[in-house]
Amino acid sequence: MAHIAEPVTAARLDQEPFREPLVLGDLTPHDITEKIASIVERPASWKYWLTLSITGLAAAWGIFAIGYTIATGIGVWGLNNPVAWGWDITNFVWWIGIGHAGTLISAILHLFRQRWRTAINRSAEAMTIFAVLCAGLFPLIHLGRPWFAYWLIPYPNQMQMWVNFRSPLVWDVFAVTTYLTVSILFWYLGLIPDLATVRNYVRRRLPKALYTFFSLGWVGAARHWQHYEIAYLILAAISTPLVLSVHSVVSFDFSVSILPGWHTTIFPPYFVAGAIFSGFAMVLTLVLIARWVLNLQDIITLKHIDNMNRILLATGMMVGYAYLMEFFVAMYSGNEYERYVFLNRAFGPYGWAYWTMVFCNVAVPQLFWSRRLRRNVVVTFIASILVNVGMWFERFVIIVTSLHRDFLPASWDYYAPTWVEVSIYIGTLGIFFTLFLLFAKYIPIIAISEVKAILPHAQPKHHVGAEVA
Amino acid sequence: MSASRLWQSLDDLNGGQSEAEVSGLDPLPDNELSRRQFLKLLSASAALAAVAAGCRRPDHKLVPAVSAPEYQVPGLPLFYTTVFQHKNAAYGLVVKCREGRPIKIEGNPSHPINHGASSIHAQALLYTLYDPDRIRRVRLGQLLQAPLSQALKEIATALQKTAAEGKLCYLCIDEHSSPTYDALLAELQRRFPWLRGVILPSFLTDTAAELNARVLGLPAEIVPHLGRASVIVTVEADPLGIDRYALWHIRNFAHGRRLRSRHDKMNRLIAVESMMTVTGTNADTRLRMHPAAFEGFLAALLVEIARSRPVPGPILRAAAQLPHAYAEKAQQLARELLQAGEQGVVLVGAHLPEPLHALALAINWALGSVGDGKVLDPAYTLPNSFPKRPGIERLREDLRAGRVGAVLFVNVNPFYSADWELRQLLRNVPWRVALSLYHDETAAESWVHIPVAHPLESWGDALAVDGSLSIQQPLIAPLNEGIGSAQDILLQLARMLDPESFPGVETYYDFLRQRWQQRYGLSEPQWESLLREGVYTAVPRETLPLRFDAPALAGAIRPSGLGREGLLAVALPSYALYDGSLANCPWLQELPDPVTKLTWDNVAAMSPGTAARLGLQSEDLVQLRAGETVVTLPVWVQPGMADGVVVTTLGYGRTEGGEVLKAVGQNTYGLLPQQQLGYVSVSLTPLGKRYPLATTQRHAQLVGRPIVQVTTLPEYHSPEGPRFQQPEFPGYPAPDGRYRIPLTIVPPYEYKGHRWGMVIDLTACTGCSACVIACQAENNIPTVGKEQVRRGREMHWIRIDRYYLGSVDEPRVVHQPMLCQHCENAPCENVCPVAATTHSPEGLNEMTYNRCVGTRYCLNNCPYKVRRFNFLNYHTDTRPPLEMLFNPEVTVRMRGVMEKCTFCVQRINEAKWHARDEGRERVRDGEVLTACQQACPAGAIVFGDLNDPQSQVAQLRQSDRGYFVLEELNVRPSITYLAKVWNAPAEEVHQLRTA
């Protein structure tokens, strides 16, 4: 079994002289522990509290808007007769998409032995969980009668009513809950050695007790490590198909319907590519902030940023291909409804949304053909935000432009959100960043044990790498 | 004693012992009633009986209709006939009552005018009955809850004082068609010489009656019988729209174009108009024309007709002197009219000036379409349609001279609709008394307001245009704390003024019975059968012999005075609210106008050309100034209108009388020239502000989609048949051989028992929207208000989609009723995660409200977008007694729940119970009528069992005009549409197809 764990613990590849080291600054394992675990121990700066209060306020405002919606009805949103889904499902798909990068980084890159992932996988996983929580909120609150949301779960009941397994919304329930469960397990499992490190590091009594509890008695024994590595690998293998399945299932919400613009076979791969695209963009946004605020330039290096930008470029082009393909198929199909929907997307009343999407998702990533721009933190930061904006508009365009003008022109209408929908969206951003900030403060934001394993110090021929550096 | 022994009575069981003996009770003392006790009981029961008898109101026997059970059984409906009066038009109703409360109004199938159909206004009557804004207590000066007797006493005193001063008392009533009401007024005026009755309508439409009086010696309007016409030319007449007898006209018109086979004939409707009327939208050929050209056009037409038909010289000379316009069109039209002969008719809008009426009368007379048994039959004169202006002028004179001491307003609202001068004059009258349902503008200006009973709460009668009489039966005790109808109040007042008056008459019911007894000598059983049938046709009809005064007619043919300069504006009764008396009914406020699809507002409609010239677009606020009057209205750009014309509607801008009508639209009565409907020239000032309008249909173009299929009669008759724009899809023939089924790997579901389906004939549908309100009443559909309509959340289960074909200036219009198609492969069903919408074995797409969680996925996936979502709790503001309005057989939906057309499943189930009770396996054809079908005056909707090959619906489905909307989606709708056929030259529709 030991050889399976080899990719993580051994570091043969990084001994190659032409490889850029993954950790800079000649850090020792102790430095890493100091750097990461001290965040928990030392008091947070005023900047932290300021940011937290802003995000907390946004979260509270969103929760108020949610309460208002539930108390009054979906009518406080801007939805109308043809457009029965708007910002709610747009946000749902957007958040789910963001939640994709975590699993991809943790599981797939792990299986593919992409060891640069160690610097970012923890925050990516955390981001996944928070994003999926935010995403899961929307299907619940967008119901006309959210207090009956549990009817979407098949459970034995006195009504002898079963869910309708033909409905993609039921598939969604399974896909999203499975994904959330596996993501939490994966994240927590990877956390255990680091929680133990922090447990050893902190001195105050209550935190120590908590970290002791959650580190499940980890002492770093060889047996522990062996079991841990195997469990981690198994979970990675379980999660990998989820990366593909969750967003495929989410795309079925649309592709299974008969609505022109939704009823498209390209959706599953298109949605998965888009999800990875947006997920990486969000990881970049978060990591660049964390890197700057927490001084992690040595651990999250330009190489990481470069790698992630390459993924952005690749997935951005996949998404662009899908946009083109949709048009081609619509024109090629000879179906006038289909043709109309796509022409209307680009040149109709929501044309501005369409072209925003094309600019952000197709044009902006083209910058990253240049190595210089890939390694430019400012450009990357702006691009990552633009990609997130673009991916939000992609979902908006798919959902709203298809609905607002479908088959019978008599039922066509326009949709614009109300302050409540905007507030709820801002609220979920608030919830997301609040959770992330709490995470960054109280949980090791970098996978300490994994980073230690890729230190030049961890290499058997450590001095060779050192000379190169 | 074994318990298992068979026994038949307690005595049997107990071996012959009585129950008392067994239970151990003492038997009752045998005969211990003493003389004292006997007398006590005797006197007590006598006193009780006397009290009970003395307190009871006199009973009037109500007789349910024949088809209904004889007596009330809880849970079973009772049906009563009554009559509906829309001003001076009347038609029969059958009202469905449950547990003593009316819950649905239908047309009376035995009434010769409507044959079971109903109109939006008849349907809305039910809402006004339960309207929470109806006043229940008498207001006497500042005293808000005065007893009626006190109010009457004070009114009587005031009237006596007025009479003693030698002053007049005016009784202002609205237009009506009740002969007994007329008799009551005549009797009152005979009894009290100082009392003068006057009909004070909201607006005057005297022109035709005045002309008829001079030319034909008939001081009344003749209502055309469109069933007898084969070529109908309307000059801004709107027989299918705002006409009071629109329901009858639609029926007759549709009758003349019922295409059951390729060889059927069809009438032809040519609309000449500057505005877009409902009639214009149904025209086979529509001629857009500025009103100034009407006289020239009609004169040219008359001259053309005179080439083949004798026309008296003076008339022809007068017509020849007018400048002719559209001569070529007139020539074509004359040819058609001459071919139709006495089946041709020209109808002129009531708002047009007399010369145009005169020209039309001359044409009709020349064609021979005036006379007994003809289209314009003097037997079909509109009751009480004599010119009203003389009466009003006399009122004005008396008011100016200060001769009027008191005015009684009975269900009229001059303080809303009358001109400024009349309002001022009325304000100067010392005693003003209002008798009305609502505390309206006039009630607010009156000293006393007596809330009278509703037509569904009071007795009366009405004369229909064909001479049939109907009795108005009360269906429920008056909800306004038992205050009687206006007629009852007048009778009480008369008896207070003069106890000798009206001998033997306690109430209006007595008066009615007495009069009917005297005139028609009905025995008690005959009276009962009259109530049961709801219509009395054995009335001898008094028709005057027509004369034809050619010089008088020639004298009326002169320039119409309608100019081309500037802007011409006209205010017409609105389609839904009519003159504004129905403004507090949200059903009508939210009913999309059949042409503009606007709700909750009136607008200044103008052509796209005029709007472009003035730099205006829809929703821009403008000021219209006509003389002293200034009206601020939002612009509505209406395709198909002539340039230089602004059309607005009356009935909006009410200020008093309810919560619903407040702040809805603008009062446009000021635009009427001398209270008469008619054109005025206006100046228009853009205000540079915007005003949001709530329309239910924002797109009117078909963008080339085969949603409505259209053809022309020549093409339909041609050997090749119509060339419909068929959608292409791979498929195979359906078992019926008529349709094709798109390729599928799923075997079709086999319907064993019933299979419900519907056929909608687009050629018959005029867009009258009676179905919309009927559905709303039947299915407890809420109104949502302007703001929600603007957001696109109106709840109507059936809507009428209105499409414009062709150019924006000369569009052709199709009305397409759109409702749940009850698809066999319903796309809504498989996407519902909780199985709240499912398919029934009889082909219904069913909605289980209490299972619905409101994901709205079904709505997204519905290609027809006919599902309606309760975005908010639209029933929260249901004020009492509106909850009595709800149909107890239909669930009232809460917020967060999806709803949609059920094909009136409650009616289907009821019919199935009846069938089962009678031992039948199947429901008979025609036993289930959906609410929309029942209301439809055109007979455009047919519902029934598609599995019964003999049923009407199954046979109509085989029609060569039949098609499914969005057939290529393989949803397989249960509703078949029959293509629209225009009786117009084939080229016209070819152009549309290529355009």
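Rules of the game
- Residues numbered from 1 in each chain as written.
- Chains lettered and ligands numbered in written order.
- Predicted model: local features only at pLDDT ≥ 70, side-chain atom pairs only at ≥ 80, totals over all residues.
- Helix = DSSP H or I, 4+ residues; strand = E, 2+ residues; numbered from the N terminus.
- Contact = placed C-beta atoms within 7 Å.
- Rg over C-alpha atoms; globule rule 2.2 N^0.38 Å.
- Domains from an automatic or database assignment.
- Buried ≥ 20, exposed ≤ 12 C-beta atoms within 10 Å, placed from the backbone.
- Nonpolar A, V, L, I, M, F, W, Y, C, P; charged D, E, K, R; others polar.
- Pairing = 2+ DSSP bridges.
- Axes fitted to C-alpha atoms, helices over the stretch in contact; angles between N-to-C directions.
- Core = buried A, V, L, I, M, F, W, Y, C linked by C-beta atoms within 7 Å.
- Parallel < 35°, antiparallel > 145°, perpendicular 65-115°, else oblique.
- Left-handed = near helix turned anticlockwise from the far one by under 90°.
- Expected span 1.5 Å × (residues − 1).
- Bend = angle between axes of the 7 residues up to and from the residue.
- pLDDT = per-residue confidence, 0-100.

Trainee: What is the right way to look at the overall build of chain B in this model?
Mentor: Along the backbone of chain B there are 32 helices and 38 strands. Considered along the principal axes of its C-alpha atoms, chain B spans approximately 105 × 90 × 55 Å. Residue pairs at least 24 apart in sequence account for 72% of intrachain contacts in chain B once pairs closer than 6 positions are excluded.

Trainee: Would you mind going over the overall build of chain A with me for this structure?
Mentor: What chain A contains, in helices and strands, is 18 helices and zero strands. A compact globule built from 469 residues should have a C-alpha radius of gyration of about 23 Å, and chain A, at 23 Å, falls within 12% of that. If you line up chain A on its principal axes, its C-alpha atoms span 75 × 55 × 45 Å. Restricting to contacts in chain A with at least 6 residues of sequence separation, those with at least 24 account for 83%.

Trainee: Explain the domain arrangement of chain B to me, please; I cannot follow it from the model alone.
Mentor: Think of interface size as the accessible area that goes away when the parts come together; that is how it is often given. Residue and element names in this part refer to chain B. Domain parsing of chain B yields domain 1 (1–56), domain 2 (222–256 + 264–380), domain 3 (567–695) and domain 4 (710–994). A C-alpha centroid distance of 27 Å is found between domain 2 and domain 3. Each partner contributes to the interface: domain 2 provides 14 residues, whereas domain 3 provides 18 residues.

Trainee: Quick question: what am I supposed to make of the environment of Tyr 181 of chain B here?
Mentor: Residue and element names in this part refer to chain B. Relative to the helices and strands, Tyr 181 is located in helix H6 (residues 179–191). Look at Tyr 181 and you get buried, because 24 C-beta atoms sit within 10 Å. With 331 residues separating them along the chain, Tyr 181 and Leu 512 place their C-alpha atoms 8.7 Å apart. The residues touching Tyr 181, leaving out its near neighbours within four places in the chain, are His 176, Gly 460 and Gln 487.

Trainee: Would you explain the interface of chain B and chain A in this entry?
Mentor: Counting from both sides, the interface comprises 43 residues of chain B and, opposite them, 39 residues of chain A. Looking at the side of chain B that touches chain A, the elements that each hand over two or more residues are helix H27 (827–831) and helix H28 (857–861) of chain B. Top contributing element to the side of chain B that touches chain A by residue count: H28 of chain B, with four residues. For the side of chain B that touches chain A, a count of residues per class yields 21 nonpolar, 13 polar and nine charged.

Trainee: How should the sheet that holds strand E14 (residues 448–451) of chain B be read in this particular structure?
Mentor: Residue and element names in this part refer to chain B. Strand order in this open sheet of seven strands is E5-E4-E14-E13-E12-E6-E7, and the pairing throughout is mixed. The two strands at the open ends of the sheet, each matched to only one other strand, are strand E5 (143–146) and strand E7 (195–199). Each strand of the sheet is rotated relative to its neighbour by a mean of 20 degrees, with strand direction disregarded. As judged from the two bridges shared by strand E4 (residues 138–140) and E14, these two strands associate in the antiparallel manner. Within E14, the residue paired with Leu 140 across the bridge is Val 448. The sheet strands contacting H6 are strand E6 (168–173) and E7, and the helix crosses E7 at an angle near 150 degrees.

Trainee: Even after reading the chapter, I still don't get the nonpolar core, so can you show me in this structure?
Mentor: General note: in soluble globular proteins, nonpolar side chains tend to be found buried as a group. If you look at the biggest cluster of nonpolar residues, it comprises 401 residues, and the most contacted ones within it are Val 283 of chain A together with Val 235, Leu 302, Leu 359 and Ala 362 of chain B. Examining the composition of this core, we find that 15 residues originate from one element, helix H10 (residues 267–293) of chain A, more than from any other. Beyond its immediate stretch of four places on either side in the chain, Val 235 of chain B contacts Val 272, Phe 294, Leu 298, Val 346, Leu 347, Val 348, Gly 349, Leu 352, Leu 356 and Ala 360 of chain B. Core analysis: the second largest hydrophobic core is formed by 57 residues, Ile 173, Ala 434, Ala 443 and Ala 486 of chain B among them.

Trainee: What is the right way to read the packing of H10 of chain A against helix H15 (residues 377–404) of chain A from this model?
Mentor: The angle between the axes and the distance between the axes are what describe a pair of packed helices. All names here are of chain A. For the pair H10 and H15, interaxial distance at closest approach is 8 Å and the crossing angle is 140 degrees. As far as their axial angle goes, H15 and H10 are oblique. In terms of crossing hand, the pair formed by H10 and H15 is left-handed. Here Gly 274, Phe 277, Ser 278, Ala 281, Met 282, Leu 284, Thr 285 and Leu 288 of H10 come into contact with H15, specifically with Val 377, Thr 380, Phe 381, Ser 384, Ile 385, Val 387, Asn 388, Met 391 and Glu 394. Of the residues belonging to the contact of H10 with H15, the class tally is ten nonpolar, six polar and one charged.

Trainee: Please explain helix H7 (residues 168–201) of chain A as it appears in this structure.
Mentor: For the α-helix, the turn length of 3.6 residues means that residues three or four positions removed from each other point alike. With 34 residues, H7 of chain A extends 48 Å between its outermost C-alpha atoms, agreeing within 8% with the 50 Å of an ideal straight helix rising 1.5 Å per residue. The sharpest bend along H7 of chain A measures roughly 45 degrees and falls at Ile 192 of chain A, with the proline Pro 193 of chain A sitting one to four residues further on.

Trainee: Which parts of the structure should I look at to understand unusual backbone geometry?
Mentor: The general pattern is negative phi for most residues beyond glycine and trans for most peptide bonds. Residue and element names in this part refer to chain B. At the junction of Pro 880 and Pro 881, the peptide bond is cis and its omega measures out at 5 degrees in the coordinates. Turning to its location among the elements, Pro 881 is positioned in the loop between strand E33 (868–869) and strand E34 (898–899). Phi is positive for Val 703, close to 40 degrees, though the residue is something other than glycine. Examined against the element boundaries, Val 703 turns out to sit in the loop between strand E24 (694–695) and strand E25 (710–712). Under the C-beta neighbour-count criterion, Val 703 is labelled partly exposed, with 13 such atoms within 10 Å.

Trainee: Where do I start with the sheet that holds strand E2 (residues 89–98) of chain B in this structure?
Mentor: Note on sheets: strands pair through backbone hydrogen bonds, and any given pair is parallel or antiparallel. All names here are of chain B. The three strands are arranged E1-E2-E3 in an open sheet whose pairing can be described as antiparallel. Single-partner strands in this sheet number two, and they are strand E1 (78–86) and strand E3 (101–107). Direction aside, the axes of adjacent strands within the sheet are offset by 35 degrees on average. Where E2 and E3 come together, six bridges link them in antiparallel fashion. By the bridge assignment for E3, Val 95 is matched with Ile 105.

Trainee: Sorry, what's going on with the environment of Leu 57 of chain A here?
Mentor: Tracing the sequence through the fold places Leu 57 of chain A in helix H3 (residues 46–72). Judged by the 14 C-beta atoms lying within 10 Å of it, Leu 57 of chain A falls in the partly exposed class.

Trainee: How should the pairing of E1 of chain B be read in this particular structure?
Mentor: Note on strand geometry: in a regular strand, side chains alternate between the two faces of the sheet. Residue and element names in this part refer to chain B. Counting buried residues in E1 gives eight out of nine residues, a clear majority hidden from the surface. Alignment of E1 against E2, held across nine bridges, turns out to be antiparallel. Each bridged residue has a counterpart across the sheet, and for Phe 84 the counterpart in E2 is Tyr 91. Connecting E1 to the antiparallel partner E2 that follows it, the hairpin turn spans two residues, and Lys 87 within it adopts a positive phi of roughly 55 degrees.

Trainee: I keep staring at the environment of Gly 78 of chain A and nothing clicks. Help me out?
Mentor: Residues and elements named next belong to chain A. Looking at the secondary structure, you find Gly 78 in the loop between H3 and helix H4 (87–98). A tally of 20 C-beta atoms within 10 Å means that Gly 78 is categorised as buried. If near-sequence neighbours (up to four positions away) are discounted, Gly 78 is found in contact with Gly 86, Tyr 415, Ala 416, Pro 417, Thr 418 and Glu 421.

Trainee: Sorry if this is basic, but what is going on with the packing of helix H10 (residues 294–306) of chain B against helix H12 (residues 327–340) of chain B here?
Mentor: Residues and elements named next belong to chain B. Running from N to C, H10 and H12 point in directions that differ by 50 degrees, and their axes come no closer than 8 Å. The orientation of H10 with respect to H12, classified from their angle, is oblique. Relative to H12, the crossing made by H10 is right-handed. Facing Phe 297, Ala 300, Leu 301, Glu 304 and Ile 305 of H10, the residues of H12 in contact are Ala 327, Ala 330, Gln 331, Leu 333, Ala 334, Leu 337 and Leu 338. Its residues assigned to classes, the contact of H10 with H12 shows ten nonpolar, one polar and one charged.

Trainee: Where do I start with the confidence of the model for chain B in this structure?
Mentor: Atom-level detail of predicted coordinates should not be read off regions where pLDDT is low. Residues and elements named next belong to chain B. With 94% of its residues at a pLDDT of 70 or more, chain B has an overall mean of 88. Confidence drops under a pLDDT of 50 for residues 18–22, and excluding neighbours within four residues, the segment shows six contacts in the predicted structure. Here the prediction assigns the complex a pTM of 0.87, and the interface score ipTM is 0.88.

Trainee: It is not clear to me how the confidence of the model for chain A should be interpreted in this structure. Could you clarify?
Mentor: All names here are of chain A. Looking at chain A as a whole, its pLDDT mean stands at 85, while 91% of the residues score no less than 70. The secondary-structure element of chain A with the lowest mean pLDDT is helix H1 (residues 2–9), recorded at 42, while helix H13 (residues 351–363) shows the highest, at 93. A low-confidence stretch, residues 1–17 stays under pLDDT 50, and its non-local contacts, those more than four residues away or across chains, total 24 contacts. Low pLDDT (under 50) marks residues 464–469, which in the prediction has twelve contacts with non-local residues, meaning those over four places away or in another chain.

Trainee: Would you mind showing me how to read the pairing of strand E11 (residues 344–348) of chain B here?
Mentor: All names here are of chain B. A large share of E11 lies buried, amounting to five of its five residues. Across the two faces of E11 the burial is the same, with Gly 344, Val 346 and Val 348 and Val 345 and Leu 347 all buried. Where strand E8 (residues 231–235) meets E11, five bridges bridge the pair, whose relative direction is parallel. Counterpart to Val 233 in the pairing with E11 is Val 346.

Trainee: What's the story with H10 of chain B in this structure? I'm lost.
Mentor: All names here are of chain B. For H10, built from 13 residues, the straight-helix expectation of 18 Å at 1.5 Å per residue is met to within 8% by its first-to-last C-alpha distance of 18 Å. Counting buried positions along H10 gives twelve out of 13 residues, so the element sits mostly inside the fold. If you check which residues of H10 are buried, you get Phe 294, Glu 295, Gly 296, Phe 297, Leu 298, Ala 299, Ala 300, Leu 301, Leu 302, Glu 304, Ile 305 and Ala 306. Buried residues along H10 sit in contact with E8, strand E9 (268–273), helix H11 (313–321), H12 and helix H13 (354–367).

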